[in-house]
Amino acid sequence: QVQLVESGGGLVQAGGSLRLSCAASGRTFSRYAMGWFRQAPGKEREFVASASWNGSSTIYADSVRGRFTISRDNAKNTVYLQMNSLKPEDTAVYYCAGTYGLGPRGEFSEYHYWGQGTQVTVSS
């Protein structure tokens, strides 16, 4: 069984920063691309960022490019999302997800393993 557990969410003021972590177990983590999605109340889950199996290739949603950075430490079976210059519209539950592929990808349907999510709230 694949398990993904997010942590690091919380409440911050606009302009602040948070770093989310996703700890993986249950499969060979280092072989596969990983991603982050988010879902705000009343909204559909949307793509945020993805990293290739070794973290060397990344893609980002337009809404977060330049502010968020995805990275990973395969020795620790962990993927990170560094979030800077946070805005109230970034408020959402953030989900870590895994694919069967090697390269980064931004489509919901290509992710097969999901964490439970961590709440990020940005106040104005």
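Residues numbered from 1 in each chain as written. Predicted model: local features only at pLDDT ≥ 70, side-chain atom pairs only at ≥ 80, totals over all residues. Heavy atoms only, no water.

Participant: With reference to specific residues and values, describe the state of the cysteines.
Facilitator: Where two cysteines share a covalent bond between their sulfur atoms, that bond is called a disulfide. Taken as a whole and judged by the stated rule, the model has 1 disulfide. In this model, Cys22 is linked to Cys96 through a disulfide, with the two sulfur atoms separated by 2.1 Å. On the sign convention where negative means left-handed, the S-S torsion of about -80° between Cys22 and Cys96 marks this disulfide as left-handed. Placement of the pair is Cys22 in strand 3 (residues 18-25) and Cys96 in strand 9 (residues 92-98), with a sequence separation of 74 residues. (Disulfide = S-S within 2.5 Å. Helix = DSSP H or I, 4+ residues; strand = E, 2+ residues; numbered from the N terminus.)

Participant: Outline unusual backbone geometry, listing residues and values.
Facilitator: A negative phi angle characterises most non-glycine residues, just as the trans form characterises most peptide bonds. Within the chain, Asn77 stands out as a residue other than glycine whose phi angle is a positive 55°. Following the sequence through the fold, Asn77 ends up in the loop between strand 7 (68-73) and strand 8 (78-83). By relative accessible area, which is 30% here, Asn77 ends up partly exposed. In this model, Ser85 sits at a positive phi of 50°, which is unusual for a non-glycine residue. As for its placement among the helices and strands, Ser85 is situated in the loop between strand 8 and strand 9. A relative accessible area of 41% places Ser85 in the partly exposed class. (Buried < 20%, exposed > 50% of the residue type's maximum accessible area, 1.4 Å probe, protein only.)

Participant: Describe the packing of aromatic side chains, with residues and values.
Facilitator: Within this structure, the stated rule accounts for 7 aromatic pairs. Ring centres 5.1 Å apart and planes at 35° place the aromatic pair Phe108 and Trp114 in the tilted group. Given a relative accessible area of 46%, Phe108 falls into the partly exposed group. On the basis of relative accessible area, Trp114 is assigned to the partly exposed category, the value being 24%. One aromatic cluster is present, built from ring pairs that chain together Phe37, Phe47, Phe108, Tyr111 and Trp114. The cationic tip of Arg45 hangs over the ring face of Tyr95; the distance from NZ or CZ to the ring centre is 3.8 Å. Seen from the ring of Trp114, Arg45 lies directly overhead, with NZ or CZ sitting 5.0 Å from the centre. (Phe/Tyr/Trp six-rings, centres within 6.5 Å; stacked < 30°, edge-to-face > 60°. Lys NZ or Arg CZ within 6 Å of the ring centre and 35° of its normal.)

Participant: Can you explain the environment of Gln39? Please cite residues and give values.
Facilitator: With respect to the element layout, Gln39 can be found in strand 4 (residues 34-39). Classification of Gln39 by relative accessible area gives partly exposed; the value is 27%. In this structure, the C-alpha to C-alpha distance between Gln39 and Asp90, residues 51 residues apart in sequence, is 9.4 Å. Side-chain polar atoms of Gln39 contact the side chain of Arg45, separated by 3.4 Å. (Polar contact = N/O pair within 3.5 Å; in protein donor to acceptor, adjacent residues only side chain to side chain.)

Purely geometric numbers; function is a separate question.
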